[in-house]
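Here's the letter readout for the chains.
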Amino acid sequence: MTLLDSRASLRTLARTLQRDGLTDRDLVIDRVRSAFALDAAGRPAVTDGESLHHAWSAAGALGGAMREELTAAWRASGRGRLGDRLAEDLVRLDGGTFGMGTPDGSALVYCGEQPARQVRIDAFAIGRVPVTNALFREFRPGHADGAADDLPAVEITWYDAAAFALWAGYRLPTEAEWEFAGRGGEDAPYGDVDPAQLPAYAWFSENSKGALHPVATRRANAYGIHDLFGNVWEWCADTYAADFYSHAPGISPLNDAPGPERVSRGGSMHAFTDMCRRAFRHHEPADYWAYDVGFRLAADL
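About the criteria used
Residues numbered from 1 in each chain as written. Predicted model: local features only at pLDDT ≥ 70, side-chain atom pairs only at ≥ 80, totals over all residues. Heavy atoms only, no water. Pairing = 2+ DSSP bridges. Helix = DSSP H or I, 4+ residues; strand = E, 2+ residues; numbered from the N terminus. Axes fitted to C-alpha atoms, helices over the stretch in contact; angles between N-to-C directions. Expected span 1.5 Å × (residues − 1). Bend = angle between axes of the 7 residues up to and from the residue. Buried < 20%, exposed > 50% of the residue type's maximum accessible area, 1.4 Å probe, protein only.

Peer 1: Help me get a handle on the sheet that holds strand E1 (residues 90-93), residues and values and all.
Peer 2: With antiparallel pairing, three strands are arranged side by side in an open sheet as E1-E4-E9. Whereas interior strands pair on both sides, the edge strands pair on one side only; in this sheet they are E1 and strand E9 (298-300). Across this sheet, the average inter-strand angle for adjacent strands is 25°, counted without regard to direction. As judged from the three bridges shared by strand E4 (residues 124-127) and E9, these two strands associate in the antiparallel manner. In the sheet register, isoleucine 126 faces E9, and the bridge partner there is alanine 298.

Peer 1: Tell me about helix H4 (residues 64-82), residues and numbers included.
Peer 2: Its 19 residues place the ends of H4 25 Å apart at the C-alpha level, agreeing with the 27 Å of an ideal helix rising 1.5 Å per residue. Along H4, the largest kink reaches about 55° and is centred on threonine 71. Residues of H4 that are buried: Leu70, Thr71, Trp74, Arg75, Ser77, Gly78 and Leu82. One or two residues past the end of H4 sits glycine 83, with phi positive at roughly 55°.

Peer 1: Pulling in residues and values, what's your account of helix H7 (residues 175-183)?
Peer 2: Where burial is concerned, most of H7 is hidden: nine out of the nine residues are buried. Listed as buried for H7 are Glu175, Ala176, Glu177, Trp178, Glu179, Phe180, Ala181, Gly182 and Arg183. Looking one or two places after H7, you find glycine 184, whose phi comes out positive at around 60°.

Peer 1: Could you give an account of unusual backbone geometry, with specific residues and numbers?
Peer 2: The step from glutamine 114 to proline 115 runs through a cis peptide bond, and the omega angle for that step is 5°. Among the secondary structure elements, proline 115 is positioned in the loop between strand E2 (96-100) and strand E3 (117-121). A positive phi angle, near 45°, is found at alanine 144, a position not held by glycine.

Take a look at the structure:
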């Protein structure tokens, strides 16, 4: 069975389960077990994020306990291969209440950034830098073969990012968490970063020369987080909806409704200055990938 056939089969299975419920338990168990198998080296045998996403969704029909059992070895392999490398590179943030979105009267405002509102989020941890090639190759050997280990992993779909996060024992940040991290403690368009000093903090259209750069080669913000602005767009957990802010909850908002597009934040090496603002909401189909799209990890505390 080819990758496309496998992906389509798992997608069909997941949709059938959503529509008709669990009708063939053994089939679901077999497909899920195959998707979350390990190879001889103890790495994931399947690294296509979309296939894994549909397998995880299909496994949900079996109940939480069974899904945990079927994927336990797969998830343990991620923790085993990565060890403490990820935990040591997380920045702990206390959370709190902050201004999310772009206020009325601002000189720059794009679709989906309003209405601005006060949002409260719980404490969380977020990656100090985006996930690098060195880390992503533990999941998918040969990824970006020849590219430097300390470059951010790119050409990553949202499905790939979410699958890696699950395997590693983490998750993607919500866009509220991402925007909170981008504040550096201040509710300004670029957080604690003076826009005139943006080249010292970000690789973007004015200084990148159209190339990716190694992580953590620009200054960190006041929270100690590098590369939130520029270098690569970063996938967030949320489904994109232009009107989400008009009805989103005020506490730990997350748009997990079904939808074709996912949010990415932060700008990239090609981004203009205004696209690096912490409120700017980029979005692409979940299966989209590009040379300037990557991700970073988050975790509950």
